[in-house]
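# Observations on chain architecture
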Amino acid sequence: MKKEWLPFSRPSVGPEEIQAVVDTLSAGWLTTGPRTKEFEAGIARYIGCRNVVAMNSCTAALHLALEAIGLRAGDAVITTPMTFAATAETIRYFNAHPILVDVDRRTLNIDPGKIEERLRSRAGRARRDRIKAIIPVHYAGYPCDMDKIMSIANAHELTVVEDAAHAFPAVYKGTVVGNIGHITCFSFYATKNITTGEGGAAVTGNDEWADRMRIMSLHGISRDAWKRYTSEGSWYYEIAAPGFKYNLTDVAAALGIVQLRRSDEFWARRSGIARRYTDAFRSLDEVETPFGEGIDDTIGAPGEPLQWKDIAGTRHSWHLYILRLVLGKLEIDRDKFIDELKQLGIGTSVHFIPLHIHPYYRETYGYKPGDYPISHGEYQRIVSLPIYPRMSDADVDRVIEAVKDVVHRHRKRKSLRKPKSPRNVSTRTRRRQ
Ligand SMILES: Cc1ncc(COP(=O)(O)O)c(C=O)c1O
C-alpha cells in the first residue's frame, strides 16, 4: 500500500500571510510600491546592511549585480559546478564565460585553494585581465570560506558577488551573510527559507551599484520609476539604459514582510530538524551527515533557544539537508535509494547535477565528467531530505524511519562464507605451493 506522500518542500504560508496579501489587493496598489519599500527596509534591518534592491528572483539579482559591476562580453567569472542553472546562466547573458573551480569535499562549497590554483595556472594567467569576479555559492546554506575568498579577491582585484540563494539567514564567523562580499543575492523562491512565491534581492554596501541595480530592475528608467503613478511622482521619466522588468510586486512583498517576521522561528525549526536527522543518522556507517566538521556547533545544543544573529561562529541556514550515501557499503545506488524512499512516500531531491555535465556546458566548453572529480563523485551519492518548518515531529520521524529502513534492507552484508581453508584449495594449486 502506498504511504501518504510527504513532499520534499512545502511553504509555510499561514493566516497572517493570507491576510497581508488580501489587504494589499484591497488597497489597490499591486505592483512595486509601499509594501516593496517596507520589505526592503525590513531586510536591511534584519541583516544589518546598507542597500537592498528587491527583485522578482535571485536570478534577476545575479544578472543585475554582474551588470552593475560592468561585466562585458569575453570576460570570465569564477564559480562552482555544484550549483543551480541561474549562477552560470547569468554570466552567459553577457557572453562572458564561467570558469568552474571544484568544491571542497567536506562542505561542497567552492574550494578557495583551487581558485588560487586556477588564477596562478598558465591558462588563468593568460586570461587574467578578463577574469572579473568570483561567485561563491553558499551551498545548502552553509557559508563558503569567505575570509580566504575575500583575500584572494582583494589580491587579484576581483569583485565578489555572493550567490546566497540558500543562505537567508546564515552567519559566517559572526558576520551575517549579506555583509561580506561586494554584492549578495538572495532568493525568496517558493522553497526557500522565506518566500514571496517568486522573488529575490541584491544587497550591497556600495550606493552606486545599488542605484544602478534599482534603475536596471525597472526598464533603466531614472530614479523611482514606480512612483510615476503616485501623487508624489510625475508622468515624466527618462530612460538611462535599456533595462529589464525585474521589479518585485507589492502583492509578493506583502507575503515577504510577514515571512521576514517569522524568519527566526523558521530557522529554529529547520535547525531542530537538522539536529534530529544528524542524531539519528550519525551511527549509520552507510550514510554521512552534512559537513562533518563543525556540525554540532552549527546546530546548537538541544532545547537551547536559537538566536541566529547572536552567533559568534558560523551558522548554517539549513535550507537543505544533504545526506551522502557511502556507496561501497550499500547494494543500491543513489537513484535506487531515492526510488525506495519514494515507495515509502518520502519526497527527496538532488542538489545539484553539476553544471559541467549538463549538455549546454559540456558542449560549449568541452567538459568531461572527470574535470571536476569532487563535484562529479559527490553528485552520485547526495540526497536532499525534506526539511521545512511545516514538517511535524511525526513527519521527521517518518523520514528517519524510512532512511533507516532503506539502509537496513540494502546494506552490504559481510560475506558469511569462511575464507578458503587449505583443504578446499585444488590439488593443482596445492602442488604448486
Ligand atoms: C544556488 C542557487 N542560485 C540561484 C537560484 C535562483 O533563484 P531564483 O529562483 O530566485 O531565481 C537558485 C534557485 O533555486 C539556487 O539554488
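Presented here is an overview of the structure given in this document. (Residues numbered from 1 in each chain as written. Predicted model: local features only at pLDDT ≥ 70, side-chain atom pairs only at ≥ 80, totals over all residues. Heavy atoms only, no water.)

Every buried residue of helix H12 (residues 334–343) is accounted for by Arg-334, Phe-337, Ile-338, Glu-340 and Leu-341. The buried residues of H12 all sit within an arc of 160° when viewed along its axis, so they share a single face. Elements that come into contact with the buried residues of H12 comprise strand S11 (321–325), helix H14 (373–379), strand S12 (382–385) and helix H15 (393–410). Measuring from the backbone nitrogen of Asp-335 back to the side-chain oxygen at the start of H12 gives 3.3 Å, which picks out Asp-333 as the cap. (Buried < 20%, exposed > 50% of the residue type's maximum accessible area, 1.4 Å probe, protein only. Helix = DSSP H or I, 4+ residues; strand = E, 2+ residues; numbered from the N terminus. Arc of directions from axis to C-beta. Contact = heavy atoms within 4.5 Å. Polar contact = N/O pair within 3.5 Å; in protein donor to acceptor, adjacent residues only side chain to side chain.)

With respect to the secondary-structure elements, Asp-102 resides in the loop between strand S3 (97–100) and helix H5 (112–120). Despite its burial, Asp-102 remains without a salt bridge, the nearest opposite charge being carried by Lys-114 at 5.0 Å. Here the side chain of Asp-102 touches Ser-375 through a polar contact of 2.6 Å, side chain to side chain. Setting aside anything within four residues of it in sequence, one finds Asp-102 in contact with Pro-81, Ile-110, Asp-111, Lys-114, Tyr-372, Pro-373, Ile-374 and Ser-375. (Lys, Arg positive; Asp, Glu negative; His and termini not counted. Salt bridge = Lys/Arg side-chain N within 4 Å of Asp/Glu carboxyl O.)

Turning to the nonpolar core, a few remarks are in order. If you look at the biggest cluster of nonpolar residues, it comprises 44 residues, and the most contacted ones within it are Phe-39, Ile-43, Ile-47, Ile-78, Ile-115 and Phe-168. Residues within four places of Phe-39 in sequence aside, it is in contact with Phe-188, Ile-194, Thr-196, Leu-248, Ala-253, Gly-256, Ile-257 and Leu-260. In this structure, Leu-323, Tyr-388, Val-399 and Val-407 belong to the second largest nonpolar core, which totals 31 residues. (Core = buried A, V, L, I, M, F, W, Y, C linked by side-chain atoms within 4.5 Å.)

By the definition in use, this model includes 28 salt bridges. In this structure, Arg-409 engages Glu-340 in a salt bridge whose closest nitrogen and oxygen atoms are separated by 3.0 Å. With a gap of 69 residues between them, Arg-409 in helix H15 and Glu-340 in helix H12 connect regions that are remote in the sequence. Take Arg-409: its relative accessible area is 39%, and that puts it in the partly exposed class. Given the relative accessible area of 10%, Glu-340 is considered buried.

Quick look at the pairing of strand S9 (residues 200–204) now. Of all the 5 residues making up S9, 5 are buried; the element is thus mostly covered by neighbouring parts of the structure. Pairing of strand S1 (residues 51–55) with S9, which is carried by 5 bridges, proceeds in the antiparallel orientation. Counterpart to Val-52 in the pairing with S9 is Val-203. Sheet topology places strand S8 (residues 183–187) next to S9; 5 bridges connect them, and they run antiparallel. When the sheet's bridge partners are listed, Cys-185 is paired in S9 with Ala-202. (Pairing = 2+ DSSP bridges.)

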